[in-house]
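A structural walkthrough
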Amino acid sequence: MVKITFIGAGSTVFAKNVLGDAMLTPSLQQADIALYDIDEDRLRESELMLKNINKNSNQNRATITSYYNRKEALRGADFVINAIQVGGYEPSTVIDFEIPKKYGLKQTIADTLGIGGIFRALRTIPVMLAFAREMEEVCPNALLLNYTNPMAMLTMAVAKGTNIKTVGLCHSVQVCVPDLLQNLGISEAYDLNDFQWKIAGINHMAWLLEINYKGEDFYPVIKEKALAKPMPHNDAVRFELMRNFGYYITESSEHNAEYHPYFIKSKYPELIERFGIPIDEYLSRCVAQISGWEKQRDEIVHNGQLTHTRSREYASYIMDAIVTGNPTMIAGNVMNTGLITNLPTDSCVEVPCLVDKNGIQPTYVGDLPTQLAALNRTNINVQQLTVEAALTLSKDKIYQAALMDPHTNSELSIDDIRNLVDDLIEAHGNYLPKYN
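Residues numbered from 1 in each chain as written. Predicted model: local features only at pLDDT ≥ 70, side-chain atom pairs only at ≥ 80, totals over all residues. Heavy atoms only, no water.

1. Observations concerning the UniProt feature "site: Increases basicity of active site Tyr" (unreviewed entry) in the chain
To keep things clear, this is the line we draw: UniProt positions are given in the numbering used here, feature names are shortened, and annotations may be inferred rather than shown by experiment. Helix and strand definitions here come from DSSP, where helices need a minimum of 4 consecutive H or I residues and strands a minimum of 2 consecutive E residues; each element is numbered from the N-terminal end.
Cross-referencing UniProt, the feature "site: Increases basicity of active site Tyr" (unreviewed entry) maps to Asp 111 in the present numbering. Here Asp 111 is to be found in the loop between helix 4 (88-102) and helix 5 (114-138).

2. What about the nonpolar core?
Under the convention used in this document: We call a set of buried residues a nonpolar core when its members are Ala, Val, Leu, Ile, Met, Phe, Trp, Tyr or Cys and they connect through side-chain atoms within 4.5 Å of each other. Buried, partly exposed and exposed residues are distinguished by accessible area as a fraction of the type maximum, computed with a 1.4 Å probe on protein chains only: under 20%, between the cut-offs, and over 50%, respectively.
Core analysis: the biggest nonpolar cluster contains 146 residues, and Phe 6, Phe 119 and Ile 318 have the highest contact counts within it. Among the elements that make up this core, the one with the highest residue count is helix 5 (12 residues).

3. Looking at the packing of aromatic side chains
Let me state the cut-off plainly: Classification of ring pairs uses Phe, Tyr and Trp, with its six-membered ring standing for Trp, and accepts pairs whose centres are within 6.5 Å; under 30 degrees between planes counts as stacked, over 60 as edge-to-face, and the remaining range as tilted.
Summed over all chains, the structure comprises 13 aromatic pairs. Ring geometry for Phe 6 against Phe 14: centres 6.2 Å apart, planes inclined by 65 degrees, an arrangement best described as edge-to-face. Classification of Phe 6 by relative accessible area gives buried; the value is 0%. Among the residues examined, Phe 14 registers a relative accessible area of 16% and is labelled buried. Ring geometry for Phe 263 against Phe 275: centres 5.3 Å apart, planes inclined by 85 degrees, an arrangement best described as edge-to-face. Taken as a pair, Phe 263 in the loop between helix 10 (253-256) and helix 11 (270-274) and Phe 275 in the loop between helix 11 and helix 12 (281-300) lie far apart in primary sequence, 12 residues in all. Since its relative accessible area comes to 4%, Phe 275 is described here as buried. In this structure an aromatic cluster arises from ring pairing among Tyr 190, Phe 195, Tyr 213 and Phe 218.

4. Points about the pairing of strand 12 (residues 348-356)
Heads up, the condition is: For two strands to pair, DSSP has to find at least two bridges joining them.
Counting buried positions over the 9 residues of strand 12 gives 7, a clear majority of the element. Across 4 bridges, strand 12 lies against strand 13 (residues 359-362) in antiparallel orientation. Looking at strand 13, one finds that Val 355 is bridged to Ile 360. Taking the residues between adjacent antiparallel strands as the criterion, strand 12 and strand 13 are bridged by 2 residues.

5. Observations concerning the pairing of strand 5 (residues 143-146)
What counts here: If you view a crossover with the strands going away from you and the path from the first strand over the helix to the second runs clockwise, you call it right-handed.
A two-sided burial pattern is seen for strand 5, the buried positions comprising Leu 143 and Leu 145 on one face and Leu 144 and Asn 146 on the other. In this structure, strand 4 (residues 79-82) lies alongside strand 5, joined through 4 bridges in parallel fashion. If you follow Asn 82 over to strand 5, its bridge partner there is Asn 146. Across 4 bridges, strand 5 lies against strand 6 (residues 165-168) in parallel orientation. In the sheet register, Asn 146 faces strand 6, and the bridge partner there is Gly 168. Between the parallel elements strand 5 and strand 6, the chain passes through helix 6 (residues 151-161) in a crossover that is right-handed.

6. Here's the deal with the layout of surface pockets
Formally: Cavity and pocket criteria rest on a 1 Å grid covering protein atoms alone: a 1.4 Å probe that fits but cannot get out defines a cavity, protein on both sides within 12 Å along at least 5 of 7 lines defines an open pocket, and an atom within 4 Å of a point defines a lining residue. Grid points are joined across faces, edges and corners, and a volume is the space filled by probe spheres set on the points. When residue character is reported, Ala, Val, Leu, Ile, Met, Phe, Trp, Tyr, Cys and Pro are called nonpolar, Asp, Glu, Lys and Arg charged, and the others, Gly included, polar.
Considering only enclosed or pocket space, the second largest pocket measures out at about 380 Å³ in volume. For the second largest pocket, the lining is made up of 18 residues, of which Val 173, Gln 174, Tyr 314, Met 329 and Ala 331 are closest to its centre. Contributions of two or more residues to the lining of the second largest pocket are made by helix 7 (172-183), strand 7 (195-202), helix 13 (314-324), strand 11 (328-335) and strand 12. Looking at the lining of the second largest pocket, its residues break down into 13 nonpolar, 2 polar and 3 charged.

As structure tokens, then:
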């Protein structure tokens, strides 16, 4: 029997998608599903919701059990799914936004790079390393499927700090081309099945390296329509990057606005309006999600007739391919073992991967166009230094990560960046370890 352990199972909606998918997958329908979360109320709600789906949508019936001991939830697992958020909206996410504002540093999402991404990683890596080391004891052969951001930093930390097999999973590659065609207003004019494309790079900054329609290069059509679209619009940052660097990027404009030094600038405040950049966007999303949860809880937790339709999340397809040997292709975040030849070998890259009984098998990409690799490296610098800080508990490495961050160092002086780091360390308190 397959055992699937979900860490962070209080993420009820996400647990519905991933574990609901598993219960609709023949090879996984009789799985032993273990749920763990530090929030016992949310854990019970997720268990109730999943048992309703199991009753209504799964004829073969999975076994669903909540655990209050993490190591016991992990014991004997074949697959471990991670969806934790250390520190939550309050206090940690609020801190990541409000303290940088005191220095004049604005952010949009703050979960992947930037000063907010650095500190989210520093909070999360110790927790992930702790349960990955428990995995080494009680399920050493399990595959860790990580959905938590900052994706590249967390995947890199587990790969460098433990012997656990892991892959980072993100939605941005899956939706890149469909969303692009929709944003250009041409999605209804073309059949997606007539397109072929190739994407590679790093998480949230992977590149649409080629896109063909019925064998013909489709990039000229994309660029013509993109440059003609009136500003501002929700893809403005990505189209501006494509205009200057030649290729479309996978992750959204609100994310990429803070991964580069060009868009959120106190010297040029008009850029925020010009490109439609939603400052504090993640805070707004969190507030809306929290306020809407009471209604959503009734719809999905206390609904005895709840069913599920299989989503496009990678997790169930990966687990099915490994269990059955029926191959599938995914975009996976893995260590760069010569896969992208002009990016550092000890970095985390996002590349096409074959999955079958042999597990996750990344494919060779070769060199990225020089300008794309250069942009990736500006983010990789921060990722590597942050992971080194977490693994060595070196405060100097935190300073260096922040000093290398493209958005932060384009706005603040060295002294201000160091002071900002000190203020964030103090504010996060016990959510961080002690640094040397």
